[in-house]
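# Observations on the model geometry
Listed here are the chains, written in short residue letters.
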Amino acid sequence: MSEQSVSHLPVLLPNQPTNATCSEQLPQITIGNSDFLDVRFEGTLFVDKTAKIADLVKIKKVFFARPRRFGKSMLISMLTELFSHGTEKFEGLAIHDTWPDDQCYPVIALSLNVSPNPQVFEQQLCEQINNALEEAGLIELVQRTQGITTLSTLLWKIKAPLKTSKTVWLIDEWDYALSHNLDNQQAYTSNLHIIGVFFSWLRGLTNVRYLFVTGIGRYRDTTLFTGQDIINISMNPNFADLLGYTQAEVETNFAPYIARASEMMGLSRDELLAQLKRYYDGFCFEENVEISLYCPWSINNFFQQFISRDNKAKPAFRPFWMDSMHGQLKPKLAQNLPNLT
């Protein structure tokens, strides 16, 4: 599917005014909400990044790494809706007419963003699996595993029933409990063992329709994503712009915000675009180094400053992504980050 065939226009609610450039209040930009249905129907700006999902789900088992704040959780949310209910909620988006599956499946969507403390990590992972099974409507499996806090026991109890129907597994933040223990070898090793048990079991399921695993990286000392059954597309040029904003997407989707920002900051359009590129462009996730991307978190936060002309705060090119990372890192690591303001 060519990029030229995809509409990059903002997706607005029905009956929402489209002459936002002339209004005093531009449409809101969602910050931090990764629920597709919420964002799709709350009247906020939505950049259509669904064009390559059809190709994405043709690969049965996928590993996909991206930095935090790049839209991984939103992608998980969209995949959950597509596999669970089809394309009804995707009217007007690129995937609506290209989604390749006419069936719906139980979707077990997990986030391993639980406590990285090895004393409680296994218990909370078991709770996450139970919650995901319940969300998928697999109540019989939930009844089998209620109250179980030992991962190997829980997985043993649900493996046989899962052979009777195709399921979809979507795993977000697979490495959260590892990245938060890089300075604690004992905790890191303990959590890695638990994660290894889970993925070894998961890779052994024979009736999986689709498996998608995402996080911020792949660790060299793990073998969770090696071999031919899980394909690492993290640097595949075909999916380089699956997440993140291209230059064209910024200029098209944010056109009224660019006009407002130019006016309020006293910059020409070209000067503003040059500054945006200087501060927020430069992410690249493909081996040919040809596709450059903006971090959505930075662009969304920057243009959020111009929603209303009455904003009392002085707009500026702030290090939005770096600021958001301070709370994600160990205190002693965060203290060593440069202050760019």
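Our subject is the structure listed above.
Each value, and the rule that gives it
- Residues numbered from 1 in each chain as written.
- Predicted model: local features only at pLDDT ≥ 70, side-chain atom pairs only at ≥ 80, totals over all residues.
- Heavy atoms only, no water.
- Helix = DSSP H or I, 4+ residues; strand = E, 2+ residues; numbered from the N terminus.
- Buried < 20%, exposed > 50% of the residue type's maximum accessible area, 1.4 Å probe, protein only.
- 1 Å grid on protein atoms, 1.4 Å probe; cavity = no way out; pocket = protein on both sides within 12 Å on 5 of 7 lines; lining within 4 Å.
- Points joined across faces, edges and corners; volume = space filled by probe spheres on them.
- Nonpolar A, V, L, I, M, F, W, Y, C, P; charged D, E, K, R; others polar.

The backbone of glutamate 173 shows a phi angle near 55°, a positive value even though the residue is not glycine. Relative to the helices and strands, glutamate 173 resides in the loop between strand 3 (167-172) and helix 7 (176-179). A positive phi angle, close to 50°, is found at valine 289, a residue other than glycine. Relative accessible area serves as the criterion here: at 63%, valine 289 is assigned to the exposed category.

In this model, the largest pocket occupies a volume close to 710 Å³. Every residue lining the largest pocket is counted, 32 residues in all, and those nearest its centre are Asn33, Ser34, Phe70, Gly71 and Met74. Secondary-structure elements contributing two or more residues to the lining of the largest pocket are helix 3 (72-85) and helix 12 (296-304). Of the residues forming the lining of the largest pocket, the biggest block, five residues, is contributed by helix 3. Split by residue class, the lining of the largest pocket holds 16 nonpolar, 10 polar and six charged. There is about 520 Å³ of room inside the second largest pocket. Lining the second largest pocket are 24 residues, with Ile76, Ser77, Thr80, Ala109 and Glu135 sitting closest to its centre. Looking at the lining of the second largest pocket, the elements with two or more residues in it are helix 1 (36-41), helix 3, strand 2 (107-111), helix 4 (118-135) and strand 3. Looking at the lining of the second largest pocket, the element that brings in the most residues is helix 3, giving seven residues. Grouping the amino acids of the lining of the second largest pocket by side-chain chemistry returns 11 nonpolar, nine polar and four charged.

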